[in-house]
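Inside the fold
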Amino acid sequence: MKINNTATIERYVHSKDEQQKLYKRSLLIVMLSQVFGGAGLAAGITVGALLAKEMLGTESFAGLPAALFTLGSALAAFVVGQLSQRFGRRNGLSFGFIAGGIGAIGVIIAANINSLALLFLSLFVYGAGTATNLQARYAGTDLANDKQRATATSIAMVATTFGAVAGPNLVTPMGKVATAMNMPALSGPFILAAVAYILAGLTLFMFLRPDPLLVAKAIAAEQQHKVTEKMSVLQNKANRIGILVGALVLILSHVIMVSIMTMTPVHMQGHGSNLSAIGMVIGLHVASMYLPSLGTGILVDKIGRTFVVIASGMISATAGLVAAFAPGDSMIWMIVGLMLLGLGWNFGLISGTAIIIDSTTIQNRAKTQGSVDVWVALAGSAGSILSGVVVAYSSYAILGYIGTCLALLIVSVVTWSRLKAKE
């Protein structure tokens, strides 16, 4: 029996109370899936570069794992966006998470048989979980009104914190689990990632019913019957600028964060830090990426998108400078730098997401969101690859300076958009 049939959706189309109930229920399901998704995301990030270094025997290509799963996330972002637009969030997101889980299983097998080819292919597939984890933030906004969009996005992201913080701090215990099973210790976190991603996918597939995007599309279709409104050329232009600005904010924020974060475990290990210390730093970094979300969403909705974008650029610029000057063996300074890096990313992600939602309609929203996330993923992949090269041939400090310059570019982008809006 189909749950998302016309009769079921109609029940929500004509009742504001039912829409609010579904809005809250959808947010709850998305939050639950994000707890699992966060664990799957963070566990792989923490040891991906270390696993590649161990198997390749050099740190020059330590950024390659992050680049591969970021490239995989680019393809997955497009596929998940297209599936979501056509068949609803439930089908698109569950497909992406389960694909990510299958990729994690491939990484485990590759580490055990010491196969670089399988490792690279599996990391590429594993990236589907990363893309889906990001796109899940949109699911809670489908039934949100104009004043709830950033807050709805942030609520979904807060839930990610629980899994994302637990993931890196389970690196050592999961390594012991893997060792007890006669597997390489660094494959342990991917066991957690596989289970977490698959659970996230099953949660959405089983419980995200009726699909909030399909309901939102039905509501929009009903409203069009009542009010036929032709979008002006001016509004079309404003929307195009909004999508461009939102995309650039998301892309630049992500590149800065991925580049510095990717090389931090290698940088710390080179200065004598053990896996527990690295896991703590990355765990606090990931916490700062997601935990401030609820407050960030309120700031974006109440104070405005532009203010938070500028704050994102300034915080990320500071993070780059701290990374550049912090001693590699100083836990305190590494924590400060990585937490600022996460907070700057958080501000950029939520404000950029809100700008994208404001600039799209329900008829093209999921496709546009998927397309933007493709460019975000591709840019992150480039940042991952280049970060390893930069550190290998110059230093981690130079990487921090580059991050600062890119962060200041975020401020320039939003300033340009404000000037363009006045024309």
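What counts and what doesn't
Along each chain, the written sequence defines residue order, and numbers are assigned to residues from 1. Whole-chain, interface and lining totals are the exception, using all residues; otherwise, since this is a predicted model, local features are given only for residues with pLDDT of at least 70 and side-chain atom pairs are given and counted only at 80 or more. Side-chain metrics rest on all non-hydrogen atoms present in the structure, leaving aside hydrogens and water. Each helix is a run of H or I in the DSSP string that is no shorter than four residues. Each strand is a run of E no shorter than two, and both are numbered from the N terminus. Relative accessibility under 20% of the residue-type maximum defines a buried residue, over 50% an exposed one, and the middle range a partly exposed one, all with a 1.4 Å probe and only protein chains included. Contacts are assigned to residue pairs with any non-hydrogen atoms lying within 4.5 Å of each other. For the area figures, the Shrake-Rupley method with a 1.4 Å probe applies, and any residue is considered shielded solely by the protein chains shown. Detection works on a 1 Å grid of protein atoms alone, calling trapped sets that fit a 1.4 Å probe cavities and calling open sets with protein on both sides within 12 Å along at least five of seven lines pockets, with lining residues defined by an atom within 4 Å of a point. Grid points are joined across faces, edges and corners, and a volume is the space filled by probe spheres set on the points. Residues enter patches when they are more than 30% accessible in relative terms and free of salt bridges; like-charged ones are connected within 9 Å and nonpolar ones (Val, Leu, Ile, Met, Phe, Trp, Tyr) within 5 Å. Criterion for a salt bridge: a side-chain nitrogen of Lys or Arg within 4 Å of a carboxyl oxygen of Asp or Glu.

**Notes on the overall build of the protein**
Broken down by element type, the protein carries 16 helices and zero strands. By residue count, 59% of the 423 residues in the protein fall in the buried class. Contacts in the protein between residues at least 24 apart in sequence constitute 86% of all its contacts with a sequence separation of at least 6. As displayed, the protein offers around 16,900 Å² of accessible surface, 68% of which is attributable to carbon and sulfur atoms.

**What to know about the environment of D329**
Inspection of the secondary structure assignment puts D329 in the loop between α13 (305-325) and α14 (331-358). On the accessibility criterion, D329 (55% relative accessible area) is exposed. In sequence terms D329 and M268 are 61 residues apart; their C-alpha atoms lie 6.6 Å from each other.

**Let's talk about empty space enclosed by the protein**
For the structure on display, the rule yields two cavities of 30 Å³ or more. Taken as a whole, the second largest cavity encloses approximately 30 Å³ of empty space. Lining the second largest cavity, in full, are Q34, N133, L134, R137, M157, T160, Y290 and L349. Only α5 (116-139) and α6 (149-169) provide two or more residues apiece to the lining of the second largest cavity. Top contributing element to the lining of the second largest cavity by residue count: α5, with three residues.

**As for a nonpolar patch on the surface**
Where nonpolar side chains cluster on the molecular surface, the patch consists of I98, I102, L121, V125, L202, F205, M206 and F207 and spans about 680 Å² of accessible area. Of all the secondary structure elements, the ones that give two or more residues to the nonpolar patch are α4 (89-113), α5 and α8 (188-207).

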